[in-house]
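Here is what each chain is made of, one letter per residue.
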Amino acid sequence: MKLLTRNKGALLLLMLNIFLVFMGIGLVVPVMPQYMTELNINGSLVGMLVAAFSLTQFLFSPIAGRLSDALGRKKIIVAGMIIFAISELMFGLVSTSLLLFVSRMMGGIGAALIMPAVMAYVADVSSSEERATGMGFINAAITTGFIIGPGIGGFIAEFGIRVPFYCAGIAGAVAALVTSLILPESTTQEQRDQLKKDSGKSQSLVKQLIHSYKAPYFFSLIIVFVMAFGLANYETVFGLFVDHKFSFTPKDIAIIITFGSISGAVVQLTLFGWILNRFGENKVISVCLFMASLTVLLTLFVNSYWMIMVVTFIVFLSIDILRPAISTKMSKMAEGQQGFVAGLNSAYTSLGNIAGPIVAGLLFDININFPYVSAAFVLLLCFGLSVMAAKGKGNKKAAPTEL
C-alpha cells in the first residue's frame, strides 16, 4: 500500500503539524477569563479575537491552496508552521489589544497555509483507494488537537497564564524545523506548472458562495452555518460564563471541555454509523439540532459543576453527531461535485465561526446569559426548518405528480 508504507513517515509528520496547529487553537479557551482580567478587556474584544483567526483563515485559504500548487506543498507547510509558531509566542508576550489581534490574525494565516497544503500532500502521495484512509488520519489529528488543546492549556496554565502559548510556539518552531529537514516534496516542477494552470480555471470562492443558493443542498449548508455559529457562540463565552457565574479555574474549564470533546469523539467512532443507518440523516439532523438548542439553554439554569459537565457533554455530543450527518447527506446529494461541496461546507463553517464569536462577545457585555439565549434560539429555529424541509421532501415523494 503506497500511502501506509512508503510515505508513512511523511504522513506522521503531517499529522504532527496539524495536531499542533489545532491544539494551539484550543489552548486559548480555558485561559481567556484570566486573560480578560489581566489585560482588562471585555467580552466583545474576546469575541472579535476569536473571529479574527477564523476570518483570516477563511480569506487566505483559497490563496494558500493556489500557492501550494505553484510553489510546492512542503514550502507552504513550513511557512505556515513558522507563522503559527510566531503567532503563539506573540500572543503570550504582548499586552495590547492591537498586538493580540495581529497575533490571532497571523495564526489564521498560518492555519490557512497549512490546511490545504497538508490535504493536497496526502492526495499527492496516495492512490484513490488509500485516500480516504489518509484523510481519516489527518482528520483524526485535527480532532485530537481540538480535544487536547483546552485540556493542555488549562493544566499548563497552573505554571503561569502565558506558559501554554510559549509551549505551543516552541513546539511549532521545532515542528517547522523538522519538517523542513525531513519532509520530501510531493510534486515535481512539471506537476506544479500544470496545477498552476488548472487552478487558474477554477471558480472563485466568492462566486461559489453567491451561486450556492441554487444548489439542492443549500439548506444543508444553512444548517452547517447555524451549527458552526451556535458552537462557536457557545465555546467563545463558555470560559467567561462559568468564570463569572461559578468562579471556575482554567483547570475546571479544561476538564469539562476535554471530557465533552472526548465523549463526542468516542461516539463518532463507535456508534455514529449505526445511528445514521438506523434513523436516517433527516431524523438525526433534526434531533441533534433540537438537543443542542435545549442543552445550550439549560446551561443558564444549572448550578453545579457536575450538571455543567453533563449539559456540556450533550451539547458537544449533539454537534459531533450533527456535523458528519450533514456532511454525509450533502455528499450523497453532490454526485460528481464532491470537492466543490466539501469546499462550500468548509466556507460556511468558517462564516459561522466568524459570526458566532462576534455576536457572543457583544451580547456577553450586555448580559452574560444573552449569548446562550441567542444560540439556543437560532438552533431551535433551524430545527423547525429542518422538520418542515423533511416533511416537504416526504410529501413530494408521496405525490410526484404535483412536481
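Everything here concerns the structure above.
On a predicted model such as this, the values are computed, not experimentally measured, just so you know.

## Observations regarding the overall build of the protein
- When its secondary structure is counted, the protein shows 16 helices and zero strands.
- Of all 403 residues assigned to the protein, the portion counted as buried reaches 50%.

## Some words on the pattern of salt bridges
- Within the structure shown, the criterion is met by one salt bridge.
- Residue Arg104 pairs with Glu88 through a salt bridge whose shortest N-O separation is 3.3 Å. Here Arg104, found in helix H5 (residues 97-125), pairs with Glu88, found in helix H4 (residues 73-93); they are 16 residues apart in sequence, far enough to count as distant. For the pair Arg104 and Glu88, one class covers both residues: buried.

## Some remarks on the nonpolar core
- In this structure, Met32, Phe238 and Leu322 are the most contacted members of the largest nonpolar core, which totals 76 residues.
- When residues of this core are assigned to domains, at least three fall in each of domain 1 (1-201) and domain 2 (203-402).
- Non-local contacts of Phe238, meaning those with residues more than four positions away in its chain, are made with Ile253, Ile256, Ile257, Ile308, Thr312 and Tyr372.
- If you look at the next biggest cluster of nonpolar residues, it comprises 33 residues, including Leu13, Phe84, Val125 and Ile138.

## Digging into the packing of aromatic side chains
- Throughout the structure, instances matching the rule amount to twelve aromatic pairs.
- Geometrically, the ring pair formed by Tyr234 and Tyr372 is stacked, given 4.9 Å between the ring centres and 20° between the ring planes. Placement of the pair is Tyr234 in helix H10 (residues 218-246) and Tyr372 in helix H16 (residues 370-398), with a sequence separation of 138 residues.
- The class of Tyr234 is buried, set by a relative accessible area of 1%.
- Among the aromatic residues, those joined into a ring-pair cluster are Tyr234, Phe238, Phe241, Phe316 and Tyr372.
- One Lys or Arg, Arg104, reaches over the ring of Phe91 and ends 4.5 Å from the middle of that ring.
- Above the plane of the ring of Phe279 lies Arg278, whose end atom (NZ or CZ) is 5.1 Å from the centre.

## Details of a nonpolar patch on the surface
- A cluster of nonpolar side chains, namely Phe290, Leu294, Leu297, Leu298, Phe301, Ile366, Phe370, Val373 and Leu380, defines an oily patch on the protein surface of about 800 Å² accessible area.
- Within the residue set of the nonpolar patch, elements represented by two or more residues are helix H13 (281-298) and H16.
- It is H13 that contributes the most residues to the nonpolar patch, four residues altogether.
- Its location among the elements puts Ile366 in helix H15 (residues 338-366).

## Brief notes about the side chain of Asn17
- Mapped onto the elements of the fold, Asn17 is located in helix H2 (residues 8-39).
- Looking at Asn17, its side chain comes within polar contact range of the side chain of Thr179, at 3.1 Å.
- Other than its neighbours up to four places away in sequence, Asn17 contacts Ile77, Met81, Ala175 and Thr179.

## What to know about unusual backbone geometry
- Unlike most non-glycine residues, Ser247 shows phi in positive territory, near 60°.
- Positionally, Ser247 belongs in the loop between H10 and helix H11 (250-270).
- Judged by its relative accessible area of 56%, Ser247 falls in the exposed class.

## Focus: the environment of Glu235
- Within the element layout of this structure, Glu235 appears in helix H10.
- For the pair formed by Glu235 and Val29, sequence separation is 206 residues and the distance between their alpha carbons is 7.6 Å.
- Contact partners of Glu235, with chain neighbours within four places excluded, come to Val29 and Phe316.

## Things to note about the environment of Phe137
- Mapped onto the fold, Phe137 is located in helix H6 (residues 128-156).
- Among the residues examined, Phe137 registers a relative accessible area of 33% and is labelled partly exposed.
- Expressed as a C-alpha distance, the spacing of Phe137 and Leu11, which sit 126 residues apart in the sequence, is 8.3 Å.

Cut-offs and rules
Residues numbered from 1 in each chain as written. Predicted model: local features only at pLDDT ≥ 70, side-chain atom pairs only at ≥ 80, totals over all residues. Heavy atoms only, no water. Helix = DSSP H or I, 4+ residues; strand = E, 2+ residues; numbered from the N terminus. Buried < 20%, exposed > 50% of the residue type's maximum accessible area, 1.4 Å probe, protein only. Salt bridge = Lys/Arg side-chain N within 4 Å of Asp/Glu carboxyl O. Core = buried A, V, L, I, M, F, W, Y, C linked by side-chain atoms within 4.5 Å. Domains from an automatic or database assignment. Contact = heavy atoms within 4.5 Å. Phe/Tyr/Trp six-rings, centres within 6.5 Å; stacked < 30°, edge-to-face > 60°. Lys NZ or Arg CZ within 6 Å of the ring centre and 35° of its normal. Patch = residues over 30% accessible without salt bridge, like charges linked within 9 Å, V, L, I, M, F, W, Y side chains within 5 Å. Areas by Shrake-Rupley, 256 points an atom, 1.4 Å probe, with all protein chains shown as cover. Polar contact = N/O pair within 3.5 Å; in protein donor to acceptor, adjacent residues only side chain to side chain.

That is the geometry; function is a separate question.
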